[in-house]
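What follows is the residue order along each chain.
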Amino acid sequence: MKNLKTECIRTVLIMIISLLFFSPPTWAAPYELTRNSIEDAKDVNASEISLFRVKLGDPEATAVEALVEARIGGVRAEQEGTFILLWDKENPTGAMGGVRITDGKVDLIFINNRFAHKVRGIFRHILGAKTTKEIRDLLGPEDFPNETLMGAKLLYEKQGFLVNFLERQVNVEFCLGCQDLFSGF
C-alpha cells in the first residue's frame with residue numbers, strides 16, 4: 001500500500017513537471033498586452049510582449065491561427081498583405097492594432113489609441129496620454145528623441161519599442177532590430 005502511494009505521487013509529480021517544462025513559450029510571456037498589468041517601464045521588453053498570445057518571432061501560421069482563425073471578443077481580424085489588422089467591432093474606423101509578418105515570422109506588433117480600452121498596464125496610460133511629457137513621466141527619457149512641430153517619435157531602443165505621438169494620436173510599435181523602425185532617427 002505504501003509503495004502504491006509513493007508511485008502515484010511520483011507519477012503525478014512527473015506529469016506536473018513535464019507539463020511545466022514542455023508548455024509552449026507563448027504561455028510564458030510575462031506581458032500579454034490584454035491581460036497583464038505591468039506598470040513599471042523597466043519591466044517592459046519587446047521580446048516578452050505578446051498580443052493575444054502572439055509574440056515577436058512567432059511563425060506566420062501561429063499568428064494567423066491566434067488572430068484570424070480564433071474568435072476574439074469584440075475584435076475583427078483581417079490579413080492584408082504582410083499585416084494582420086485588428087479592428088474594434090463596435091467602432092471600426094481604423095485598425096486598433098496588429099502584427100506585421102516578414103519572411104514568415106512576426107517582426108512587428110503595433111497598437112494605437114483605439115486599442116486603449118483593451119490594453120492593460122502602462123500602455124493603457126501611454127495610449128491615453130495627451131502630451132509627450134505624460135509619456136516621458138511614465139517611461140522615462142527616451143534613447144533617441146525626435147520631436148517636431150507636428151509631434152514626436154520617442155524611441156526606446158534598448159526595450160525594443162517606439163512611441164509615435166501626434167496630438168491625440170498615439171501609436172506604439174514593438175520590434176527587435178527593425179531597421180525601418182529606427183531609420184527616422
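Conventions and cut-offs
Throughout this document, residue positions are counted from 1 along each chain, in the order its sequence is written. Restriction of local features to residues with pLDDT of at least 70 applies here, the model being predicted, together with a cutoff of 80 or more for giving and counting side-chain atom pairs; totals for whole chains, interfaces and linings are based on all residues. Hydrogens and water are ignored here; the side-chain numbers use all heavy atoms of the structure. Only DSSP runs of H or I covering at least 4 residues are called helices, and only runs of E covering at least 2 are called strands; the numbering of each starts at the N terminus. By definition in these notes, contact holds between two residues if any of their heavy atoms fall within 4.5 Å. All accessible-area figures derive from a Shrake-Rupley calculation using a 1.4 Å probe, and residue coverage is judged against the displayed protein chains alone. Strands were regarded as paired on the criterion that DSSP finds at least two bridges between them.

Draft legend 1. Inspection of the overall build of the protein chain at higher detail. A count of helices and strands for the protein chain gives five helices and eleven strands. Of the contacts formed within the protein chain by residues at least 6 apart in sequence, a portion of 43% connects residues at least 24 apart. With an accessible surface of roughly 11,000 Å², the protein chain has 56% of that area assigned to carbon and sulfur atoms.

Draft legend 2. A look at the sheet that holds strand β1 (residues 31–32). One open sheet holds the three strands; their spatial order is β1-β2-β3, and the pairing between them is mixed. The two strands at the open ends of the sheet, each matched to only one other strand, are β1 and β3 (54–55). Of the strand pairs in this sheet, strand β2 (residues 49–51) and β3 are connected by two bridges, and their pairing is antiparallel. Bridge pairing in β3 links Leu-51 to Val-54.

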